[in-house]
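Listed below, chain by chain, are the residues.
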Amino acid sequence: MRDRLRPAHALAFAAAAAAVLAATEVVSQVNAPTNSAPNPYRAIENWGKLPDGRVWGSTSAIDIDPDGTSVWVGERCGVFAPPSQMKPGMPFACDGSNLPPILKFDSAGNLVKSFGTGLLLFPHGLHVDREGNVWVTDGLGKDGKGHQVFKFSPEGKVLMTLGKAGVAGSGLDEFNAPSAVYVAANGDIFVADGHGGNTNARIMKFSRDGKFIKTWGKKGSGPGEIDIPHTLAMDSRGRLFVGDRQNNRIQIFDQEGNYLDQWPQFSRPSGVFIDKHDIIYVADSESESVAKNHDGWKRGIRVGRVNDGAVTAFIPDPVASTTGTSAAEGVAADAMGNIYGAEVGPKRVMKYVRQ
């Protein structure tokens, strides 16, 4: 009997070994740089017209209005303002500026609305909810401003603030460098709290009226651990996509914070956007420049499908070699599939349309 069973055992072992090899091959393919996807887009230069005398500053905050065509941008008041430029006793970003940092453009790039003067220090993340309210994270703190999340009406009225103005902390009513905010279909609010270094590394969840519900995540590289939660998006199934930038991956959670999956194939995610058709757009502004742990991957915007995680298109950074942030850090796509990239280093918003 034992001899008759041996061939079956051998077959089962061979099948299991083949499955392991196949899985290893898939993982290897996923972890290989995805730089070769086609680029079916062309760039629209000088998109986004500002009033006479005003110039673009750094921007990473961008989203699309519920009308499907208008574009909202959080701009850092005309100056180059990555976090590394904030120095004690020196002006920084919107500190002391009389410029409104929250800007609304039509699809042609005409400025149609602006607000927020004097309220924000460092607009970092921006999300427009289903009712048209504009949510902005103020990602750094100085002189009694910052480390907060603002909810504005479409006309610019402050409807809610989360966090303590100018206070960096890890309490349940505090943030330390909040990077992104996203509002789910039921009104629950998710905040990506942290921007590396000694800041936080967690996701916080609040009810639609701003009451704390729960938090998850800690600094690390394991499943569910986070190092720079830089951006948030949500797919049609309600799964939360977290751009875990320093770990060079997107992590996927359910809305209770349960870890579901991780995707490295979209490179180092500074910005993530998912449209109504579950097409995902991911901006990498740091590989082989600021980042020292992601060689071989090219900066740019990767486009793909949520249903299978495939990368289908790649808009490369036109700058081949640099040591600073380059190309889009924030990304969004309108109802027509036009892509908008918000750039910190080049200080502009780029528009990309299909050729």
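Counting starts from 1 at the beginning of each chain's written sequence and moves along it residue by residue. Thresholds applied to this predicted model are a pLDDT of at least 70 for local features of residues and 80 or more for the giving and counting of side-chain atom pairs; totals over whole chains, interfaces and linings are not thresholded and use all residues. Water and hydrogen atoms play no part in the side-chain values, which are based on all heavy atoms of the structure.

**Q** Even after reading the chapter, I still don't get the environment of M90, so can you show me in this structure?
**A** The secondary structure listing takes helices from DSSP runs of H or I that are at least 4 residues long and strands from runs of E that are at least 2 residues long, numbered from the N terminus. Counting through the fold element by element, M90 comes out in the loop between β3 (71-75) and β4 (102-105). In sequence terms M90 and I203 are 113 residues apart; their C-alpha atoms lie 31 Å from each other. When neighbours within four sequence positions are excluded, M90 is seen to be in contact with D95 and K142. The contact definition used throughout considers only heavy atoms, calling two residues in contact when any of these lie within 4.5 Å.

**Q** How do you make sense of the confidence of the model for the chain when you look at a structure like this?
**A** Regions with low pLDDT should not have their predicted coordinates read in detail. Note on scores: pLDDT gives the predictor's confidence for each residue, bounded by 0 and 100. The predicted model of the chain averages 93 in pLDDT, with 92% of residues at 70 or higher. Long-range and interchain partners of residues 1-5, a stretch whose pLDDT sits below 50, account for zero contacts in this model, where long-range means more than four residues apart. Within the model, pLDDT remains below 50 along residues 15-29, and this stretch shows zero contacts once partners closer than five positions in the same chain are excluded.

**Q** How do you make sense of the side chain of D284 when you look at a structure like this?
**A** Relative to the assigned elements, D284 resides in strand β19 (residues 279-284). Any pair of N or O atoms that falls within 3.5 Å is considered a polar contact. Within protein, one atom must be able to donate a hydrogen and the other to accept it, and sequence-neighbouring residues count only if both atoms are side-chain atoms. Separated by 3.0 Å, the side chain of D284 and the backbone nitrogen of E286 make a polar contact. Polar contacts involving the side chain of D284 include one to the side chain of S287, which spans 2.6 Å. For D284, the contacting residues outside a window of four places in its chain are S267, R268, H294, K298, R299, G300, R302, S326, A327 and A328.

**Q** Quick question: what am I supposed to make of the sheet that holds strand β17 (residues 259-263) here?
**A** Adjacent strands of a sheet pair through backbone hydrogen bonds, lying either parallel or antiparallel. When DSSP finds two or more bridges between two strands, those strands count as paired. Overall, antiparallel pairing links the four strands, which are arranged β14-β15-β16-β17 in an open sheet. In this open sheet, the two edge strands, each paired with only one partner strand, are β14 (229-234) and β17. The mean inter-strand angle of the sheet, taken between neighbouring strand axes irrespective of direction, is 25°. Pairing of β14 with strand β15 (residues 240-244), which is carried by five bridges, proceeds in the antiparallel orientation. The partner of L232 across the bridge, within β15, is V242. A fitted line through C-alpha atoms serves as each axis, taken over the contacting stretch for helices, and the angle formed by two N-to-C directions is quoted from 0 to 180°.

**Q** Teacher, can you tell me more about the state of the cysteines here?
**A** Cysteine pairs can be covalently joined through their sulfur atoms, and such a bond is termed a disulfide. Disulfide: a pair of cysteine sulfur atoms within 2.5 Å of each other. Applying the stated criterion across every chain, the model contains one disulfide. Across a sulfur-sulfur distance of 2.1 Å, C77 and C94 are joined as a disulfide pair. With the S-S bond torsion at 100°, the cross-link from C77 to C94 turns out right-handed. Taken as a pair, C77 in the loop between β3 and β4 and C94 in the loop between β3 and β4 lie far apart in primary sequence, 17 residues in all. For the pair shown, C77 and C94 are each scored as buried. Only protein chains enter the accessibility calculation, which uses a 1.4 Å probe; a residue whose area is less than 20% of its type maximum is buried, one above 50% is exposed, and one in between is partly exposed.

**Q** Teacher, can you tell me more about the sheet that holds strand β2 (residues 59-64) here?
**A** Taking strand neighbours across the sheet as the criterion, the four strands line up as β2-β3-β4-β5 in an open arrangement whose pairing is antiparallel. Bordering the open sheet on either side are β2 and β5 (111-115), each of which pairs with just one other strand. Taken over all neighbouring pairs, the strand axes of this sheet differ in orientation by 20° on average, direction set aside. Bridge count for β2 against β3 is five bridges, and the pairing is antiparallel. In the sheet register, I62 faces β3, and the bridge partner there is V73.

**Q** Before we go on, may I ask you to explain the nonpolar core in this structure?
**A** In summary, soluble globular proteins display a tendency toward joint burial of nonpolar side chains. The criterion is simple. A nonpolar core is a set of buried Ala, Val, Leu, Ile, Met, Phe, Trp, Tyr and Cys residues joined through side-chain atoms within 4.5 Å. Membership of the largest hydrophobic core comes to 27 residues, with the highest contact counts inside it found for I62, I301 and I339. Broken down by element, the residue count for this core peaks at four residues, all from strand β22 (residues 328-333). Not counting the four nearest positions on each side in its chain, I339 is found in contact with Y41, Y281, I301, V303, I315, V331, A332, A333, M350, K351 and Y352.

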